[in-house]
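Residue-level structure breakdown
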Amino acid sequence: MSTARMIRPHGQSLAVVMFGSSTLGCLQVLKPGYQHCFVATQDGGQWHLMEPLSNGTYVSLLGYTHPAEIIDAFQQDGYDAIAVQRQAPVPRIMQLAPFTCVEAVKRVLGLHARWVLTPWQLRRYIGKLNGEIMEK
């Protein structure tokens, strides 16, 4: 087996998705508190934060920590944070879609959810995956 194939993620792994507000004027039409999203993933025990923005994508190392600590830290800063299992890779092409924070997070999570377009829709979708009953 090739080295590149061995280091690529396989199967499920835990992720934490954060939802919050945005200062971008064009996003103010979205549900307050659900205008932006980003994700933290684990690799080898260390957590990495990936935040897709309109002007770039930031990747930061969070280090060795427990997912509950990540959730608590972001909730204390006013974000809605939720843990979710990443989906195992499926050998099919994802649909074409504009690059948004939602689309970037969906791809990190391995979600094939064509009609999930806004952070609030993504939050509800993840909540259903986790067995939560969500408000509309």
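In what follows, the accompanying structure is described. (Residues numbered from 1 in each chain as written. Predicted model: local features only at pLDDT ≥ 70, side-chain atom pairs only at ≥ 80, totals over all residues. Heavy atoms only, no water.)

With that out of the way, let us pick up the sheet that holds strand E4 (residues 56-64). To summarise the sheet geometry, strands pair through backbone hydrogen bonds and adopt either a parallel or an antiparallel arrangement. In space, the 5 strands of this open sheet follow the order E4-E3-E2-E1-E5, with antiparallel pairing throughout. The open sheet terminates on both sides in strands that have one partner only, identified here as E4 and strand E5 (80-85). Between one strand axis and the next, the sheet turns by 20 degrees as a mean value, whatever way the strands run. Relative to E5, strand E1 (residues 14-20) runs antiparallel, the two sharing 6 bridges. Each bridged residue has a counterpart across the sheet, and for Leu14 the counterpart in E5 is Gln85. Contacting E1, strand E2 (36-43) and E5, helix H4 (residues 119-129) runs over the sheet at an angle of about 50 degrees to E5. (Pairing = 2+ DSSP bridges. Helix = DSSP H or I, 4+ residues; strand = E, 2+ residues; numbered from the N terminus. Axes fitted to C-alpha atoms, helices over the stretch in contact; angles between N-to-C directions. Contact = heavy atoms within 4.5 Å.)

The next thing to look at is H4. Those residues of H4 that fall on the buried side of the exposure criterion are Pro119, Trp120, Leu122, Arg123, Ile126 and Gly127. Looking straight down H4, one finds its buried side chains confined to an arc of 160 degrees; they lie on one side. Check the buried side of H4 and you find it contacts E1, E2, E5 and helix H3 (101-109). Following H4 by one or two positions, Gly131 has its phi on the positive side, about 80 degrees. (Buried < 20%, exposed > 50% of the residue type's maximum accessible area, 1.4 Å probe, protein only. Arc of directions from axis to C-beta.)

Right, let's get into the packing of aromatic side chains. If you walk through the whole model with that rule in mind, you get 5 aromatic pairs. When the centroid spacing of 5.9 Å and the interplanar angle of 45 degrees are considered together, the rings of Phe19 and Tyr34 count as tilted. Of this pair, Phe19 sits in strand E1 while Tyr34 sits in the loop between E1 and E2, and the two are 15 residues apart along the sequence. As far as the burial class goes, Phe19 and Tyr34 line up, both buried. With a centroid separation of 4.7 Å and 65 degrees between ring planes, the pair formed by Tyr34 and Trp120 is classed as edge-to-face. (Phe/Tyr/Trp six-rings, centres within 6.5 Å; stacked < 30°, edge-to-face > 60°.)

Time to look at the nonpolar core. Ranked by size, the top nonpolar core spans 20 residues in total, and within it Val17, Phe19, Leu109, Leu122 and Ile126 carry the most contacts. When contributions to this core are tallied by element, the ones reaching two or more residues are E1, E2, E5, H3 and H4. It is H3 that contributes the most residues to this core, 5 residues altogether. Leave out the neighbours within four places in its chain, and Phe19 touches Gly33, Tyr34, His36, Cys37, Tyr79, Asp80, Ile82, Pro119, Leu122, Arg123 and Ile126. (Core = buried A, V, L, I, M, F, W, Y, C linked by side-chain atoms within 4.5 Å.)

So yeah, pure geometry; function would need other evidence.
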